[in-house]
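# Reading the structure
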Amino acid sequence: MVTTAKAVGDLFDLIERKPDLLVDADLTVERDGVAFTVRGYDDLVAVDLPSFGAAFGLWRDRVVEGKNAATALAAAGLTAEIRVRGAPVARLGADAVPSSLAKRLGLGPIQLFLDGALLAITPRRE
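Residues numbered from 1 in each chain as written. Predicted model: local features only at pLDDT ≥ 70, side-chain atom pairs only at ≥ 80, totals over all residues. Heavy atoms only, no water.

Taken in spatial order, the 6 strands make up an open sheet running β1-β2-β3-β4-β5-β6, and their pairing is mixed. One side of each edge strand has no neighbouring strand; the edge strands of this open sheet are β1 (23-31) and β6 (110-112). Taking the axes of each pair of neighbouring strands and ignoring which way they run, one obtains an average angle of 15° across the sheet. One ladder, built from 6 bridges, connects strand β4 (residues 79-84) with strand β5 (residues 87-93); its direction is antiparallel. Bridging across to β5, alanine 80 finds its partner in leucine 92. Sheet strands touched by helix α2 (residues 52-60): β1, β2 (34-42), β3 (44-49), β4, β5 and β6. Its angle to β3, the strand with the most contacts, is close to 120°. Across the sheet, helix α5 (residues 114-121) lies against β4, β5 and β6, angled at about 140° from β5, the strand it touches most. (Pairing = 2+ DSSP bridges. Helix = DSSP H or I, 4+ residues; strand = E, 2+ residues; numbered from the N terminus. Axes fitted to C-alpha atoms, helices over the stretch in contact; angles between N-to-C directions. Contact = heavy atoms within 4.5 Å.)

In structure tokens, the structure reads:
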């Protein structure tokens, strides 16, 4: 009979040996008439949205709750970075360092970038 400690130890060994998922993508996605890009760079998936309205719409209508998405991404060794107009505003998954503000807002283990949010709302000169 196998002891519980040995069975759990075997499970952790199996998880540690599993290769991380790598993503290579360059997509343009359109949702409700709003186009945004999804680019994969090995273990980072960057989702670049044209506005905060589009970002909030995507968050509001998400299929998977934020905490579950962060856990699933971390388990696969992936990080998702949400960008608005090219500026990183949030990160979740393997390389995210959860922000105390995100926890207070009930967003779960998500890293927020306030400087990126400010940059995203700043009008650009052309």
